[in-house]
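Structural overview
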Amino acid sequence: MDYKVEKQKGAVKIDFSVAVSEWKEEMTNAYFKTRGKYNIPGFRKGHAPRGVIESMYGKGVFFEEAFESVFKRCYGEVLDKESWIFPVDDPKIDLGEETDEKFTFNVVVTVKPEIKLGAYKGLEVPKAKVSVSASEVDYEIEHAREHASRMVDINDRAVKDGDTVTIDYSGSVNGVKFAGGTAEKQELVIGSHSFIPGFEEQLVGMNKGETKDITVKFPDDYHAEDLKGKDAVFTVSLHEIKFKQLPELNDEFARDVTENCNTMAEYKAHIEKTILEHKEKHAETDSENEMLKMIADACEVDIPQCMIDSEIDYMLADFEMQLQRAYGGMKLSDYFKYTGLKEIDFRRQRRDSAISNVKTRLALEKIIETEKLEVSDKEVDKELEKNAPKADESAEISARRRAYVKSDLLMTKVIDFLKSNNKFVEKKEEAEKKPAAKKTTAKKTTEQSGEEKSAAKKTATKKTAKKEE
C-alpha cells in the first residue's frame, strides 16, 4: 500500500494506492468470509463457487466486504505512522478506480484544529473573599435543632398556631359533597397555609375529640372551575394534637448532634469552620474556572462543527444519566415529552457552553504540549492501585481504564501547573444574600464531595485518552 497526505484547511486528504494483487486477495478473502450467506440452487449453502455467486448477484457482490477490510487496514496504518493526524470526525471516502496495476481511493478527514495560545501564565485571576456570618451559623444550628426535635402528644389544651393536628373532614357546597373534599386521618400543620384560606385559623381553639363545622370560601382563582368563589362547609373531627418540641441550645445539645464537640462554643466554631471550608472550595473552583475562561478567551482557534456537535452529544448523554439517577431511570425522550422541549432546542441552548468546553480542552492540550507535561507509568500504576481491577477484567477494559487514569492525572497536572503560574487576587467580599448554600446534617457536616471538582477538569478529561486506547 502506498499513500500520499495532503493538508487542507481544517482537514487532511489521504490518497491510497493498493497493488491490484493485494486488492484481488482481499476480494478472494471476502468471498470465503461471506459465501455462507448466499443460497444458490444446486449447491450446499457456503459451497457455491465465487463465479456462480457473482453471476447471480453481480460482480461487485464482494466489493463492500473487501473494501471495508482494505480501508480499515490502510487507514489505521497511516494514522499509526502519521501521529500528527488527529481525526475528530469520520472520514469521507471517495472511491478511485481499479486498473491492471492498482486500486485507488482517497479519504478526507476533519482533524483537530491548530490553536494559537494567548497569555496563560502571569495572569491575575479574581478570587472571591469568603467569610461566615453569624446568621449562617444560626441557620445551621436551627436546622440541626429541627432535625433533633420530637413530636409530643397534647392532651391538656386546645389547638394553637404551630401545632400538628390529625383530622377527618368532609366538605360540601349547598349541602352537596364535592370531589376531593373528604379525607380521613389527615395531618395538618396549623399556620402552614396549605389548606383553603380561613380553614386552619378556625381549628385554633378546638380540643381533642371535638367535631365542628367550618365555613370557608374558595378563592376566585381556585383550580377547580365548579368551586371558584363558592362558600363551603367542612365538618371537621379532631383526633390528635401534637407539638414539635425543640431541644434546648446548650452543651448537652452540642454533644448530642456532634461527635467531637462538648460545648455550644465548640459546636458553633465547628459549624463556622465547616461552612468556611465549603465556601473556600467553591471559591477555588470558581476561580479555577475563571482562570481557564481567561486562557481560552485569549486563544485563537477555528473549531469545526463536528467537534461542537460531538460535545453537545456528550452533554445530552450526561444530562440523561443525571435524569436517570434523579428520577428513577427517566429517559431523555420522556423529559422532552413532559417539558415540551425539543432536542433541537436543547442543542441550541447548549451550543455556547459546548464551544467553550471544546476551546478549553484544546487550550489545555496545547499547554501540555508546549510545557512538555507528562505522566509516568509509575504515577499511573500508583493511582490504579487505589482501585484494583476485577479479576475477570478484560485486557481491552484494562487498557481503557489505564488510558483514562493517565488522562485524568495529566489534566490534574496541567491545572496545578496553571494555578502555580498565575496569581489569584481576592475580590471585594460580596454581601450575603442567603444562608449557607449547602445544608449540613445534624450529626455531621461533610466536606465538598469528589463530584464537585473543577468543571474544567471534567470538560478536558473525557476525550484526551482516545489515541492512547
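Presented here is a report on the structure given in the accompanying data block. Not measured: the values here are computed from a predicted model. Residue numbers here run from 1 along each chain, matching the order of that chain's written sequence. Selection of residues for local features in this predicted model requires a pLDDT of at least 70, selection of side-chain atom pairs for listing and counting requires 80 or more, and totals for whole chains, interfaces and linings are taken over all residues. Only hydrogens and water are set aside; all other atoms, that is, all heavy atoms of the structure, feed into the side-chain values.

**Re the overall build of the protein**
Along the backbone of the protein there are 13 helices and 11 strands. Computation of the radius of gyration draws on C-alpha atoms alone. For the globule rule, the value is 2.2 Å times the number of residues to the power 0.38. For the protein, whose C-alpha radius of gyration is 35 Å, the value lies well above the compact-globule estimate of 23 Å for 469 residues. On the principal axes, the C-alpha backbone points of the protein span a range of 105 × 65 × 45 Å. By residue count, 35% of the 469 residues in the protein fall in the buried class. Contacts are assigned to residue pairs that have any heavy atoms within 4.5 Å of one another. A fraction of 69% describes how many contacts in the protein between residues 6 or more apart in sequence connect residues 24 or more apart. Secondary structure elements are taken from DSSP: a helix is a run of H or I of four residues or more, a strand is a run of E of two residues or more, and numbering for both begins at the N terminus. The cut-offs for exposure are 20% and 50% of the maximum accessible area for each residue type, with area from a 1.4 Å probe on protein chains only; residues under the lower value are buried, those over the upper are exposed, and the others partly exposed.

**Thoughts on the pattern of salt bridges**
The rule for a salt bridge is simple: a side-chain nitrogen of Lys or Arg has to be within 4 Å of a carboxyl oxygen of Asp or Glu. Going through the model one piece at a time under the given rule, you end up with 27 salt bridges. With a shortest N-O distance of 3.1 Å, Glu 26 and Arg 73 are connected by a salt bridge. Of the two residues, Glu 26 sits in helix α1 (residues 20–34) while Arg 73 sits in helix α3 (residues 63–81), which places them 47 residues apart along the sequence. The exposure class assigned to Glu 26 is buried, which follows from its relative accessible area of 11%. Across the salt bridge formed by Asp 377 and Arg 402, the nearest N and O atoms sit 3.9 Å from each other.

**What about the sheet that holds strand β3 (residues 92–98)?**
The antiparallel open sheet is built from 4 strands, whose spatial order is β1-β2-β4-β3. In the strand order of this sheet, the two ends are held by β1 (2–8) and β3, each with one partner. Between one strand axis and the next, the sheet turns through 15 degrees on average, direction left out of account. When strand β2 (residues 11–19) meets strand β4 (residues 102–110), the two strands line up antiparallel, connected through 9 bridges. Of the residues in β4, the one forming a bridge with Ser 17 is Thr 104. Throughout, an axis means a line fitted to C-alpha atoms (over the contacting stretch in the case of helices), and angles, computed between N-to-C directions, take values from 0 to 180 degrees. Where α3 meets the sheet, its contacts fall on β1, β2, β3 and β4, and the angle it forms with β4 comes to roughly 60 degrees. Strand pairing follows a simple DSSP-based rule, namely that at least 2 bridges must link the two strands.

**Focus on the side chain of Ser 172**
With respect to the helices and strands, the residue Ser 172 is situated in strand β7 (residues 164–173). For Ser 172, a relative accessible area of 18% corresponds to the buried category. Setting aside chain neighbours within four positions, we find Ser 172 in contact with Lys 177, Phe 178, Asp 231, Ala 232 and Val 233.

**Observations regarding the pairing of β2**
Alignment of β1 against β2, held across 7 bridges, turns out to be antiparallel. Looking at β2, one finds that Lys 4 is bridged to Asp 15.

**Looking at the environment of Pro 197**
Mapped onto the secondary structure, Pro 197 falls in the loop between β8 (176–189) and β9 (211–217). Its relative accessible area of 60% is what places Pro 197 among the exposed residues. Along the primary structure Pro 197 and Val 216 are separated by 19 residues, whereas in three dimensions their C-alpha atoms are 7.3 Å apart. Discounting chain neighbours no more than four positions away, the residues touching Pro 197 are Val 216 and Pro 219.

**A short note on unusual backbone geometry**
A positive phi is found at His 193, a non-glycine position, where the angle reads about 55 degrees. Tracing the backbone through its elements, the reader meets His 193 in the loop between β8 and β9. Positive phi is not limited to glycine here, since Lys 372 has a value of about 55 degrees. You can see Lys 372 is positioned in the loop between α10 (351–371) and α11 (377–384).

**A word on the nonpolar core**
Counting residues in hydrophobic clusters, the biggest one holds 34 residues, and the most contacted among them are Ile 295, Met 307, Leu 364, Ile 367, Val 414 and Leu 418. Of all the secondary-structure elements, those providing two or more residues to this core are α6 (264–297), α7 (305–326), α10, α11 and α12 (395–420). Note on terminology: a nonpolar core comprises buried Ala, Val, Leu, Ile, Met, Phe, Trp, Tyr and Cys residues joined through side-chain atoms within 4.5 Å. Formed by 27 residues, the second largest nonpolar core is a distinct cluster that contains Ile 40, Val 61, Phe 67 and Ile 85.

**Some thoughts on α3**
Think of an α-helix as 3.6 residues a turn; residues three or four steps apart then line up on the same face. Residue count minus one, scaled by 1.5 Å, sets the expected span of a helix. Taking 1.5 Å per residue as the helical rise, α3 with its 19 residues ought to reach 27 Å, and the 27 Å between its terminal C-alpha atoms agrees with that figure. All buried positions along α3 are accounted for by Ala 66, Phe 67, Val 70, Phe 71, Cys 74, Tyr 75 and Val 78. Buried residues along α3 cover an arc of 135 degrees about the axis, so they all sit on one side. α3 presents Lys 72 and Asp 80 as exposed residues on the side facing more than 90 degrees away from its buried surface. On its buried side, α3 packs onto β1, β2, α1, β3 and β4. Here the arc refers to the set of directions running from the helix axis out to each C-beta atom.

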